[in-house]
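Below are the chains, spelled out letter by letter.
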Amino acid sequence: MILTSGLQKVFCAGLDITEFYNPNPDRLSKFWTTLQDTWLSLYTTSFPTVSVINGHSPAGGCLFAMSCDYRVMVGPNYTIGLNETKLGIVAPKWFQDTMVAVIGQRKAEVSLTTGKMYTTDEALQIGLIDESLPDANSALKKGTQFLNNFQKISPWAYKMTKDISRQPTVQWLIDNKQKDLDFVIKYMQSPTVQKNLELYLQSLKK
Ligand SMILES: CCCCCCCCCCC/C=C/C(=O)SCCNC(=O)CCNC(=O)[C@H](O)C(C)(C)COP(=O)(O)OP(=O)(O)OC[C@H]1O[C@@H](n2cnc3c(N)ncnc32)[C@H](O)[C@@H]1OP(=O)(O)O
């Protein structure tokens, strides 16, 4: 499966920040549970996945890209990263662990604490993406070539290998789903968090 965007310059703008601003707890609960379930499904697919990152990919967008098996990004003008600290919020543990699995503990810590958005070249250098291509068509071709590798791999061997590799992060969320949800609902009601989100939303307006 190839995960890509039909938009011109945005792969995924991340989660809808307006869902966090002045949230209705019931709605936020459904929103967050859907996100947890979507991520669990994507991270544990029984088939190979590639993200063809054909535009900017902040926060939740970066999470979805990192959750695929391989990342091909169009360069040089787009950016990718977990920028939550720039919004004055914290990336949850499972977001962080997904990044650690891709780029390693040290690089992830620097990336997460600074909320850095990496250009395509920078992302390639730190291993956040696997390949950089100059346009969307060649990126799609590369992504397809990667998937073709699996024609010669046993689906069972593929799935078992991926499960072993991703199990700790997946199991943590399965075991802590309700705790994670309760924390997000409480966290989003904090006046400080709300102020940070208000300022960030204002900064996005043109
Ligand atoms: C101890 C443990 C604690 C754990 C607690 C957990 C806490 C919860 C964690 C929450 C995790 C959050 C994850 C996220 O994904 S947050 C979202 C992060 N996304 C961004 O920062 C993206 C911001 N947007 C941009 O940078 C640009 O819009 C972008 C580069 C994507 C595109 O640029 P472009 O110029 O094309 O688009 P515009 O800027 O014109 O945007 C158009 C309008 O869309 C609005 N917008 C953009 N992104 C978002 C978004 N993610 N959510 C809501 N709205 C968004 C933007 O304001 C424009 O609006 P108007 O048309 O009204 O002006």
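Sequence order sets the numbering: in each chain, residues are counted from 1 along the sequence as written. Local features in this predicted model are restricted to residues of pLDDT 70 or higher, and side-chain atom pairs are both shown and tallied only at a pLDDT of 80 or more, whereas totals for entire chains, interfaces and linings draw on every residue. Water and hydrogen atoms play no part in the side-chain values, which are based on all heavy atoms of the structure.

Colleague: Give a detailed account of the site of the ligand, specifying residues and quantitative values.
Modeller: Proximity is defined per residue: any heavy atom of the residue falling within 4 Å of a molecule or strand makes that residue near it. Of all residues adjacent to the ligand, which total 28 residues, the nearest are Leu15, Ile17, Tyr200, Lys205 and Lys206. Polar contact is the term for a pair of N or O atoms within 3.5 Å; when the atoms are in protein, one must be able to donate a hydrogen and the other to accept it, and sequence-neighboring residues count only if both atoms are side-chain atoms. Within the side chain of Lys9, an N or O atom sits 3.4 Å from an oxygen atom of the ligand. The separation between a nitrogen atom of the ligand and a polar main-chain atom of Ala13 is 2.9 Å. If the ligand stood free it would expose 1200 Å²; the protein chains cover 72% of that surface. Note on areas: Shrake-Rupley, 1.4 Å probe, and residue coverage restricted to the protein chains presented here.

Colleague: Summarise the packing of aromatic side chains; cite the residues concerned and give the values.
Modeller: The geometry of two aromatic rings is summed up by the distance between their centres and the angle between their planes. Two aromatic rings from Phe, Tyr or Trp, using only the six-membered ring of Trp, form a pair when their centres are within 6.5 Å; if the ring planes differ by under 30 degrees the pair is stacked, by over 60 it is edge-to-face, and anything between is tilted. According to the stated counting rule, one finds 11 aromatic pairs in the structure shown. Geometrically, the ring pair formed by Trp94 and Phe95 is edge-to-face, given 4.9 Å between the ring centres and 70° between the ring planes. The exposure classification of Trp94 matches that of Phe95, with both residues buried. With a centroid separation of 5.3 Å and 70° between ring planes, the pair formed by Phe146 and Phe150 is classed as edge-to-face. These aromatic residues form a ring-pair network of at least three members: Phe20, Phe31, Trp32, Trp39, Tyr43, Trp94 and Phe95. Throughout this description, the term charge over a ring refers to an Arg CZ or Lys NZ atom that lies within 6 Å of the ring centre and within 35 degrees of the ring normal. The ring of Trp172 is capped by Lys93, whose NZ or CZ atom sits 5.8 Å from the centre of that ring. Think of it in three bands: residues with accessible area under 20% of the maximum for their type are buried, residues over 50% are exposed, and the middle band is partly exposed, with areas taken using a 1.4 Å probe on protein chains only.

Colleague: Describe in detail the pattern of salt bridges, supporting the description with residues and values.
Modeller: Salt bridge, as used here, is a side-chain nitrogen of Lys or Arg placed within 4 Å of a carboxyl oxygen of Asp or Glu. Under the counting rule described, the total for this entry stands at 10 salt bridges. For Lys195, the salt bridge identified is with Glu198, shortest N-O distance 3.6 Å. Linking Lys195 with Glu198, this pair stays in helix H8 (residues 191–204), spanning 3 residues, or about one helical turn. By relative accessible area, Lys195 is classed as partly exposed at 43%. Salt bridges sharing partners connect three or more residues here, namely Asp69, Lys162 and Arg166. Only runs of H or I of at least four residues qualify as helices and only runs of E of at least two qualify as strands under DSSP, and these elements are numbered from the N terminus.

Colleague: Lay out unusual backbone geometry with the relevant residues and their values.
Modeller: Going from Gly75 to Pro76, the amide bond is cis rather than trans, its omega being 5°. Structurally, the position occupied by Pro76 is in the loop between strand S4 (70–74) and strand S5 (79–81). In this model, Asn22 sits at a positive phi of 45°, which is unusual for a non-glycine residue. Looking at the element boundaries, Asn22 is found in the loop between strand S1 (2–3) and helix H1 (25–43).

Colleague: Which residues make up a nonpolar patch on the surface, and what are the values?
Modeller: Candidates for patches are residues over 30% relative accessible area with no salt bridge; among them, like charges are joined within 9 Å and nonpolar side chains (Val, Leu, Ile, Met, Phe, Trp, Tyr) within 5 Å. Together, Trp156, Met160 and Ile164 make up an exposed nonpolar region whose accessible area comes to about 380 Å². With respect to the helices, strands and loops of the structure, Trp156 is situated in helix H7 (residues 155–187). Of the residues examined, Trp156 reaches a relative accessible area of 63% and is grouped as exposed.

Colleague: Can you lay out the nonpolar core for me, pointing to particular residues and giving the numbers?
Modeller: Counting 54 residues, the largest nonpolar core has Trp32, Ile80, Phe95, Met99 and Leu128 as its most contacted members. Here the element with the most residues in this core is H1; it accounts for 7 residues. It only takes one pair of heavy atoms within 4.5 Å for two residues to be counted as in contact. Setting aside chain neighbours within four positions, we find Met99 in contact with Cys62, Met66, Leu82, Gly104, Ala108, Ser111, Leu112 and Leu128. The nonpolar core is taken to be a set of buried Ala, Val, Leu, Ile, Met, Phe, Trp, Tyr and Cys residues, with the residues joined through side-chain atoms within 4.5 Å.

These figures come from the coordinates and say nothing about function on their own.
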